[in-house]
Amino acid sequence: MSQDKIYSKKLPSVPPFEFNENVAGVFNDMIHRSVPLYRETVKRQAQLAARFYKEGTAVIDLGCSNGNFGMRLLNEMGKHPLHMVAVDNSAPMLQIYQERLDNHPSGDQIELVQAHIQELAMEPASVVVLNLTLQFLPMAERDTLVARIHEALIPGGILLITEKVVHEMESLSALQQEFYYRFKGENGYSNLEISQKRDALENVLVPETVQSHTARFNAAGFTQVDIWQKWFNFTSFICMKDEEKK
Ligand SMILES: C[S@@+](CC[C@H](N)C(=O)[O-])C[C@H]1O[C@@H](n2cnc3c(N)ncnc32)[C@H](O)[C@@H]1O
């Protein structure tokens, strides 16, 4: 796994963060060292997806990157059939994902689509995954996407979403930041790397509060919403679509 050194040298000016070839090349190192409980998140999401998947529907992974969730789900499903669509707008990410699928015996069960997730026509799904991706969308486009996911889910289907969040109280927000930077330092990132990455993500990754997310899920029609994992400023939700009333 190539090491993430993208922000290790002082840059004359820090360009806005992009999921380009450089980032794709070090993505696994970057995400494991930057997202607390990442491995656990993907593992449990794959288990949940396997538990809720219904044949004849799709699992849709929106903002799939290089396929960590999909690869984990393939292993979780074993010999059971799966139909999954994985979507990202970054060509370098999808190229790495495709290479991983080509080397997996049931890799042909996952179809990769290069698109903006806001523009994707979603087929009926029993599971939709939106992991660390809604935070990169313009604020004005987030409600519509979540509403469209609710629409695409079959009754009893689930949305699995993880986001970096911000606390509504300044004191607790500051504490979350402090412990987040401590986590990154413990994982070998220098103060320069931490501060340049923060500058690169300014206005690119725009986090919201847990309350804003919950209000959006409810407005989209999800009445069953749970936080199944939380680490300071990272939150994983499960939103279950109601069964049809008889
Ligand atoms: C932090 S990564 C997601 C990580 C991934 N879900 C995982 O669990 O490993 C965000 C991904 O979303 C993609 N992305 C961001 N905005 C997008 C958009 N509007 N449409 C499609 N993909 C997008 C980026 O290219 C990137 O690969």
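Owing to the predicted nature of the structure, the values given are computational and were not obtained by experimental measurement.

Enquirer: Is there a simple way to explain the pairing of strand β6 (residues 224-231) in this structure?
Expert: Side-chain direction in a regular strand flips from residue to residue, so the side chains alternate between the two faces of the sheet. Sheet topology places β6 next to strand β7 (residues 234-240); seven bridges connect them, and they run antiparallel. Following the sheet pairing, Trp231 is matched in β7 by Phe234. What sits between β6 and β7 in their antiparallel hairpin is a turn of two residues, with Phe232 showing a positive phi close to 40 degrees.

Enquirer: Explain the site of the ligand to me, please; I cannot follow it from the model alone.
Expert: The environment of the ligand is formed by 18 residues, the closest being Tyr38, Gly63, Ser65, Asp88 and Asn131. Between an oxygen atom of the ligand and a side-chain N or O atom of Asp88, the distance comes to 2.6 Å. Here a nitrogen atom of the ligand and a backbone polar atom of Asn131 are 2.9 Å apart. Taken together, the residues that form the shell around the ligand break down as nine nonpolar, eight polar and one charged.

Enquirer: Explanation requested: the sheet that holds β6 in the structure shown.
Expert: The strands making up a sheet are joined through hydrogen bonds of the backbone, oriented either antiparallel or parallel. The sheet built from seven strands is open, its strands ordered β3-β2-β1-β4-β5-β7-β6 with mixed pairing. On the outer flanks of this sheet lie β3 (110-114) and β6, each paired with one strand and no other. Averaged over all neighbouring strand pairs, the angle between strand axes comes to 15 degrees, with direction disregarded. One ladder, built from five bridges, connects strand β1 (residues 58-62) with strand β4 (residues 125-131); its direction is parallel. Bridging from a neighbouring strand, Leu62 pairs with Leu130 of β4. Each of β5 (153-164), β6 and β7 touches helix α6 (residues 170-186); the most contacted strand, β6, lies at about 55 degrees to it.

Enquirer: Would you explain the pairing of β5 in this entry?
Expert: Summarising burial for β5: ten of the twelve residues are buried, a large majority. Here β4 runs beside β5; their pairing, made up of six bridges, is parallel. Looking at the pairing, Val128 lines up with Leu159 of β5. Handedness of the β-α-β unit built from β4, helix α5 (residues 142-152) and β5 comes out right-handed. Of the pairings in the sheet, the one linking β5 to β7 comprises seven bridges and is antiparallel in character.

Enquirer: Got a minute to help me understand the pattern of salt bridges in this structure?
Expert: Close approach of charged atoms allows side chains with opposite charge to pair. Applying the stated rule across the entire model yields five salt bridges. Taken together, the salt bridges that share partners define one network made up of Arg142, Asp143, Glu208 and Arg216.

Enquirer: What is the right way to read the packing of α6 against helix α7 (residues 191-201) from this model?
Expert: Two elements in contact, α6 and α7, have axes separated by 10 Å at closest approach and are oriented at 125 degrees. One finds that α6 runs oblique with respect to α7. Like other packed secondary-structure pairs, α6 and α7 cross with a definite hand, here right-handed. Across from Tyr181, Lys184 and Gly185 in α6, the residues of α7 making contact are Ile194, Lys197 and Arg198. Among the residues making up the contact of α6 with α7, the classes are represented as two nonpolar, one polar and three charged.

Conventions adopted
Residues numbered from 1 in each chain as written. Predicted model: local features only at pLDDT ≥ 70, side-chain atom pairs only at ≥ 80, totals over all residues. Heavy atoms only, no water. Pairing = 2+ DSSP bridges. Helix = DSSP H or I, 4+ residues; strand = E, 2+ residues; numbered from the N terminus. Near = heavy atom within 4 Å. Polar contact = N/O pair within 3.5 Å; in protein donor to acceptor, adjacent residues only side chain to side chain. Nonpolar A, V, L, I, M, F, W, Y, C, P; charged D, E, K, R; others polar. Axes fitted to C-alpha atoms, helices over the stretch in contact; angles between N-to-C directions. Contact = heavy atoms within 4.5 Å. Buried < 20%, exposed > 50% of the residue type's maximum accessible area, 1.4 Å probe, protein only. Right-handed = clockwise from strand over helix to strand, strands pointing away. Salt bridge = Lys/Arg side-chain N within 4 Å of Asp/Glu carboxyl O. Parallel < 35°, antiparallel > 145°, perpendicular 65-115°, else oblique. Left-handed = near helix turned anticlockwise from the far one by under 90°.

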